[in-house]
There are 2 protein chains.
Amino acid sequence: MDYLPRPDDTRFLLHEVLGAGEQWRALPAFAEVDDALADQVLQEAGKFVAEAIAPLNRAGDAVGCRFEAGAVAAPPGFRAAYQAFWQAGWPALSADAAHGGQGLPAVLEAVLYEWLSAANQGFTMAPGLLHGAYECLKHHGSPELRERYLAKLATGEWLATMCLTEAHAGSDLGLVRTRAVPRADGTLRVDGSKIFISGGEHDLADNIVHLVLCRLPDAPPGPKGLSLALVPKLLEGGARNAVFCERIEEKMGLHGSPTCAMRFDEATGWLIGEAGRGLAAMFVMMNAARLHVALQGIGMLDAAWQKAHAYAAERRQMRAPGAQGTEPSPIAEHPAIARILDTQRAWIDGARLLAYRTGLRLDLARHAEDPKARAAAQRWCALATPVLKAACTQQGFEGASACLQVFGGHGYVREWGIEQHVRDVRVAMLYEGTNEIQAIDLLVRKVLPDAGADFSALLLELRDELDAAREADADAQRRLAQLRYLATSVALASQARPRLAYEVADDFLRVTALALLAWAWARIAAQAPDDVRWSQPAAAFRRWVLPEFDMRLAMVKQAAQAVAQAAAG
Amino acid sequence: MDYLPRPDDTRFLLHEVLGAGEQWRALPAFAEVDDALADQVLQEAGKFVAEAIAPLNRAGDAVGCRFEAGAVAAPPGFRAAYQAFWQAGWPALSADAAHGGQGLPAVLEAVLYEWLSAANQGFTMAPGLLHGAYECLKHHGSPELRERYLAKLATGEWLATMCLTEAHAGSDLGLVRTRAVPRADGTLRVDGSKIFISGGEHDLADNIVHLVLCRLPDAPPGPKGLSLALVPKLLEGGARNAVFCERIEEKMGLHGSPTCAMRFDEATGWLIGEAGRGLAAMFVMMNAARLHVALQGIGMLDAAWQKAHAYAAERRQMRAPGAQGTEPSPIAEHPAIARILDTQRAWIDGARLLAYRTGLRLDLARHAEDPKARAAAQRWCALATPVLKAACTQQGFEGASACLQVFGGHGYVREWGIEQHVRDVRVAMLYEGTNEIQAIDLLVRKVLPDAGADFSALLLELRDELDAAREADADAQRRLAQLRYLATSVALASQARPRLAYEVADDFLRVTALALLAWAWARIAAQAPDDVRWSQPAAAFRRWVLPEFDMRLAMVKQAAQAVAQAAAG
């Protein structure tokens, strides 16, 4: 059973709950994008994903990528699917019309990638990296580089990579050693080795554009000495550049995507942006990239949910409590199984709403005319993105494992395809910044520097979108207020003990995620039709997800109080 | 890096905390087993596991079992290791001297299997099933069957399987269809298909004895119509019986153990025990088998912890908060990593203490002279075993994933071996009764039928082993009291709404597990030397594990109160 996108659910969340169309049409860039056009795009996207991409997922895992003599063969069907994908214009959805793009809102692209990830993350890794490279080049590339590469990346005719990690430099990119030495002709000579390069080599597209984090001569040590180079696989005229794939990693999952060890051996490259500003150039696209990773977690969880839901409706074992007759019941009727399924649905739909809201804020941050509106949108993206990246990928993994549990022993065998989701999604907790780094990013880098002022403003904004006359809304408002107070407590206590923030960062991120989900489910419940499709996950959220809010709140509060007491005593 | 057993830790828990030797020496069967002998056995076991078993783990995963023309080849080195294993007497550790066993306490065997599982669960599956088959045959086999098979199973010269599951009958064994028809010569003709038969076919030992759940002619439908047959791979004289392995499953992990689909095609078998009492005959060994699965979870988590701990000490990325100088710190010094490692240690050592206590209670239940002591020990085993099986295997999986997280992106690639633990341990949440079934077993089948009386008695027994003058002990006593009260509330509310017990079973099991762990850590802390080896996990337990107790308690309490209110209103 392959994943099937459900555009109706997305339309409900986008239009009924978020009023997304009105928001993007307030931006001159998208004034003409009416809901009917957006719906048609989603309908077509769903069809393409279901027909062309989802059916290749199993072979991507079972056959995987093959490495031979420096070349990588993608799994069966992947090249043809990728060629159809870019020729149909899907990579260009949100790119500028000037570069061959369709100029649609980024939030629609986020939905497309959610579905692609759910259908086949091994495939999706390749185009998933295009958008960051496109944005990076658009903002920081020289006119010559933009002329040569931008349209190829906008349309997806060529693919791209991010070459950051080295064997000794993972979370700590300041340790990167790859060297780039200017040549007389204005190019760079690039030498070094990179690991974990997704799509570093393959046969999906005719060229691959590598963005390589490197050091120019005399650069200072640490992150401030890092620059960014563009190093293509094929030079102009089609000559092969000195970029080599040395091996592909054997991984836990995601076998459809080649994870390459790359060697640059006097390769030819060009500087992107200013020397020493390599990290800044890459961080342009970080929020969008991390949002997409959050949607990978949610998408793969949804795929696992669809399988488990279908299995639970068919499989009969034992009579459920209260069932009539002597026949065994569908296991969906057993409370333990219903709980698993409804709880995952609560996470998926609540997280979707938050992710779509973030996608809209990416559009606002880029295109709003009012600088204050841009700043507010930017604040949302900065604060919500690490929360969603960590919480959605963790739930992606734990929830996919819960869906596997629905299958009993059958879940552990390959035949049903459910265990592939558990293996595939696990990496999303690691890449694009580990989840622990997301937590530090949120609390240490973003909440504490202004003593929680921006964070507080964001929570007040959410509060004001709720209607205290509704019970779920009032409950969510109370939690948002508790969270504001918590941020202040932690900010104060951290002055006495700077280490505290690092100790409570994971719990602080988690309690924030749960408060945001409470907001999301209040908003969904206010608009949802009277239907078990929405009422069951809403009930599951209150009963089985939300109690963790109080636990994490108490944990962080207690840690902050202990510091305050020690400082006072 | 292979797993290395640490007998000193086990000795501390067994002797210093539990006073295990005194307890088993009070039993006539083990009066002569002094601590020095037990320590020597553990020392030798640790050596054998480290030298002969652990080094084969990676090949067990990478090469796996090979199926060809009905035969199964075990991974490289497995047959030689198994032959050395049984010839050294390890399977016979707790078997009766009359059958060639060493007559040692079952608690020592539990430790041996914890280490074997940690070192190489793919290998350990094969002998792991021996002990249940031995006990089953010892208690229910006819004199002829015992004469023919008991010594071979006691020593492990032959191996055994449990043939329960059929494609349509997993958790619901009452649906089993395999038929057994008596022949004139007193044998049975056995026909049917079984799936998920661990070790159904292999080349480790010279014969395999299958215990097959089946139906005699005219048996009633459901579980009461089930009988148990012994069906050997080779008949006397060495003729091949009509037992066929049709395929082995492709699985998420545990590739070192063949999971076989078996076909019995007019195979020859013999009835074990009475007709229609097949489930009862198998359930003799259920507590011991489930305890071993709990120790698999803990053992594999310990193996993952050892790898993560070593990696975190070596790998340097970024300065830890408060670190001096400019060099990156070992990641073990980063609070998020230290938390992961200490939290897993808290689970491992607390769960070990509970599992060893349960192993001792298995010995008491079998060998105590006083029937009241046997009954009390039996009560502990009945109640604690499902709790440990579910909680330890869940933590085995989630904790192994947390240990993988320590490696960052490196955790996702095969090279480091950490992802194998995550894949291997996942199955322990499914087999020997899914964790959801353990929760129903605890609450619905064991706590509620006597309105919590036995459960309450067990909690009082634990309370009395604590010293309220100590802070950790007083805290644990308070939680045990809360749990007693909770059981009573659920028992009352379940009368109004029988479905309630099924709805809260998972949370009830979990809150019980956390109360037992609080007891365990109070006991450990009271005896532990002043050393970070024990103080850090103790602190991690209080700070990061125990808060879940309050959350689950509140969840169950609230559900019970809602029912009580609805009934009253």
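Predicted model, so just to flag it, every value in this text is computed and none were measured. (Residues numbered from 1 in each chain as written. Chains lettered and ligands numbered in written order. Predicted model: local features only at pLDDT ≥ 70, side-chain atom pairs only at ≥ 80, totals over all residues. Heavy atoms only, no water.)

Quick notes on the UniProt feature "domain: Acyl-CoA dehydrogenase/oxidase C-terminal" (unreviewed entry) in chain A
Put simply, the rule is: UniProt positions are given in the numbering used here, feature names are shortened, and annotations may be inferred rather than shown by experiment. In DSSP terms, a helix is any run of H or I states spanning at least four residues, a strand is any run of E spanning at least two, and both are numbered starting from the N terminus.
The UniProt entry lists residues 276–440 of chain A under the feature "domain: Acyl-CoA dehydrogenase/oxidase C-terminal" (unreviewed entry), expressed in the numbering used here. The distance separating the terminal C-alpha atoms of residues 276–440 of chain A is 24 Å; by composition the span is 72% helix and 0% strand.

Examining the domain arrangement of chain A
Quite often, the size of an interface is put as the accessible area lost when its parts meet. All names here are of chain A. The test is simple: All the domain ranges listed were derived from an automatic or database domain assignment. Two residues qualify as a contact provided that any one of their heavy atoms is within 4.5 Å of a heavy atom in the partner residue. Put simply, a salt bridge is a Lys or Arg side-chain nitrogen that is within 4 Å of an Asp or Glu carboxyl oxygen. Counted as a polar contact is a pair of N or O atoms within 3.5 Å, where, for protein atoms, one must be capable of donating a hydrogen and the other of accepting one, and residues adjacent in sequence contribute only when both atoms are in side chains. Amino acid classes used here: Ala, Val, Leu, Ile, Met, Phe, Trp, Tyr, Cys and Pro are nonpolar; Asp, Glu, Lys and Arg are charged; the rest, including Gly, are polar.
Splitting chain A by domain gives domain 1 (7–66 + 73–139), domain 2 (140–276), domain 3 (285–432) and domain 4 (434–569). A straight line from the C-alpha centre of domain 1 to that of domain 2 covers 25 Å. Each side of the interface is counted separately: domain 1 has 32 residues, and domain 2 has 31 residues. Seen at the junction of domain 1 and domain 2, the total is 1 salt bridge. Here domain 1 is connected to domain 2 by 10 residue pairs in polar contact (both at pLDDT 80 or more). Of all the secondary-structure elements, those providing two or more residues to the side of domain 1 that touches domain 2 are helix H4 (57–62), helix H5 (78–87), helix H6 (106–128) and helix H7 (130–140). The greatest single-element share of the side of domain 1 that touches domain 2, amounting to 8 residues, is contributed by H7. Here the residues of the side of domain 1 that touches domain 2 sort into 19 nonpolar, 9 polar and 4 charged.

Let's talk about the packing of aromatic side chains
Note the following rule: We call Phe, Tyr and Trp rings a pair once their centres come within 6.5 Å, taking the six-membered ring for Trp, and we label the pair stacked below 30 degrees between planes, edge-to-face above 60, and tilted otherwise. When a residue's accessible area, from a 1.4 Å probe over protein chains only, is under 20% of the maximum for its type it is buried; when over 50% it is exposed; and in between it is partly exposed.
All chains considered together, the criterion is met by 25 aromatic pairs over all chains. With centroids separated by 4.3 Å and ring planes inclined at 25 degrees, the aromatic side chains of Tyr311 of chain B and Phe407 of chain B adopt a geometry described as stacked. Taken as a pair, Tyr311 of chain B in helix H10 (residues 286–314) and Phe407 of chain B in the loop between helix H12 (371–406) and helix H13 (418–425) lie far apart in primary sequence, 96 residues in all. A residue is classified by how much of its surface remains accessible, and Tyr311 of chain B, at 8% relative accessible area, is buried. With a relative accessible area of 3%, Phe407 of chain B lands in the buried category. By way of ring pairs, the aromatic residues Phe48, Phe78, Tyr82, Phe85, Trp90 and Phe123 of chain A are connected into one cluster.

Describing the UniProt feature "domain: Acyl-CoA oxidase/dehydrogenase middle" (unreviewed entry) in chain A
Within this numbering scheme, the UniProt entry marks residues 162–266 of chain A as carrying the feature "domain: Acyl-CoA oxidase/dehydrogenase middle" (unreviewed entry). Secondary structure content for residues 162–266 of chain A is 0% helix and 44% strand, while the C-alpha to C-alpha distance between its ends is 19 Å.

A few points about the interface of chain A and chain B
As a reminder, the rule being used: Two parts placed together each lose some accessible area under a 1.4 Å probe, and the buried area is that loss summed for both.
In this assembly, 64 residues from chain A lie in contact with 64 residues from chain B. Across the chain A to chain B interface the summed buried area is about 5500 Å²; carbon plus sulfur atoms make up 59%. Taken as a group, Met252, Gln405 and Tyr412 of chain A account for 15% of the area that chain A buries against chain B, more than any other trio of residues on that side. If you look at where chain A meets chain B, you find 4 salt bridges. The residue Arg339 of chain A makes a salt bridge to Asp507 of chain B at a minimum N-O spacing of 2.8 Å. At the junction of chain A and chain B, the tally comes to 34 residue pairs in polar contact (both at pLDDT 80 or more).

A short note on the state of the cysteines
Residue and element names in this part refer to chain B. Applied cut-off: Here, a disulfide means two cysteine sulfur atoms that sit within 2.5 Å of each other.
Considering all chains together, one arrives at 0 disulfides over all chains under this definition. Looking at the unpaired Cys214, the closest cysteine sulfur is the one in Cys163, lying at 10 Å. Between Cys403, a free cysteine, and Cys392, which holds the nearest cysteine sulfur, the sulfur-to-sulfur gap is 15 Å.

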